[in-house]
Amino acid sequence: LFPIYSVGIVVFEIFGILFPSISSLLQGLYTAFELLYFTFFLTMVIENTRVKTLLWILDVLIIAFQFYHGIIKRDKIPANNLAVVVECIILVIGCMTYFVELLSKPKSGDITKLPSFWMVTGILFYFFILFPSYWIAEYYRLKKMLDISDNFLSLNNYAEIISYILYIKAMTCSNREP
């Protein structure tokens, strides 16, 4: 599944370069893509059906919110800012559920050989870092301190790199899950 995510990132980046005038629309679409992709993955590795259902319901609600505010109302303040924060919360809930289930099993074995362990660790790390950095960056953006805001947003780049390393680790695991 990781190659699908990688292709999605590249496509959005290319469109962003070719069509800078629609960058806020592309950001909203990318957030929706990323949320749906990671929710799909998490629902494959989580056993709790209530949490799976909750994740999908929250996905639909936040994407509907994005669509309404970004496309229909065309708000001047991008709806994507709130959507990213809610995306972080949704995916952290999914990741924490996975870890609780994994570590509650009587015999987990060597979890470092499970691809899902590394994927979920990467997702959790990225969104756990993104959540506060996005809030702080938004705070400084509203105070018109754009350099400081941009610096906090750049933390996202480092978290993304570490997450990609964890995703690659998942793809190289010798133990495949059933």
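In case you missed it, the structure is sitting above this.
Per chain, residue numbering runs from 1 following the sequence as it is written. Totals for whole chains, interfaces and linings use all residues, but because this is a predicted model, local features are given only for residues with pLDDT of at least 70 and pairs of side-chain atoms are given and counted only at 80 or more. With hydrogens and water excluded, all non-hydrogen atoms of the structure serve as input to the side-chain values.

*Asks:* Hey, could you go over the pattern of salt bridges for me, with residue numbers and the actual values?
*Replies:* Salt bridge, as used here, is a side-chain nitrogen of Lys or Arg placed within 4 Å of a carboxyl oxygen of Asp or Glu. Applying the stated criterion across every chain, the model contains two salt bridges. The residue E47 makes a salt bridge to K105 at a minimum N-O spacing of 3.4 Å. Here the residue E47 occupies a position in the loop between α2 (23–45) and α3 (49–72), and K105 occupies one in the loop between α4 (80–104) and α5 (115–142), the gap between them amounting to 58 residues. Here E47 falls in the exposed class, since its relative accessible area comes to 53%. Here R141 and E138 are joined by a salt bridge, their closest N and O atoms 2.5 Å apart. Here R141 pairs with E138, and both are found in helix α5, just three residues apart, close to one helical turn. In this scheme, a residue with accessible area under 20% of its type's maximum is buried, one over 50% is exposed, and one in between is partly exposed, where area comes from a 1.4 Å probe on protein chains only. When its relative accessible area of 18% is taken as the criterion, E138 is described as buried. Secondary structure is summarised from DSSP: a helix means a run of H or I of at least four residues, a strand means a run of E of at least two, and numbering begins at the N terminus for each.

*Asks:* Outline the packing of aromatic side chains, listing residues and values.
*Replies:* Only Phe, Tyr and Trp rings are paired, with Trp represented by its six-membered ring, and only when their centres lie within 6.5 Å; those with planes under 30 degrees apart are stacked, over 60 edge-to-face, the remainder tilted. Within the structure shown, the criterion is met by 16 aromatic pairs. Arranged with centres 5.8 Å apart and planes meeting at 80 degrees, the rings of F38 and F127 form a pair that is edge-to-face. Taken as a pair, F38 in helix α2 and F127 in helix α5 lie far apart in primary sequence, 89 residues in all. The two residues F38 and F127 agree in class, both being buried.

*Asks:* Provide a residue-level description of a nonpolar patch on the surface, including the pertinent values.
*Replies:* Candidates for patches are residues over 30% relative accessible area with no salt bridge; among them, like charges are joined within 9 Å and nonpolar side chains (Val, Leu, Ile, Met, Phe, Trp, Tyr) within 5 Å. The protein chains shown are the only cover counted for residues, whose accessible areas, like all others here, come from Shrake-Rupley with a 1.4 Å probe. A surface patch of nonpolar side chains, about 980 Å² in accessible area, is lined by V7, V10, V11, I14, F15, I17, L18, F19, I22, L25 and L29. Those elements that provide at least two residues to the nonpolar patch are α1 (2–18) and α2. With seven residues, the top contributor of residues to the nonpolar patch is α1. In this fold, F15 is placed in helix α1.

*Asks:* Please give an account of the environment of K143 that cites residues and values.
*Replies:* Mapping K143 onto the fold places it in the loop between α5 and α6 (146–171). Among the residues examined, K143 registers a relative accessible area of 45% and is labelled partly exposed. Separated by 11 residues in the primary sequence, K143 and S154 have C-alpha atoms spaced 18 Å apart.

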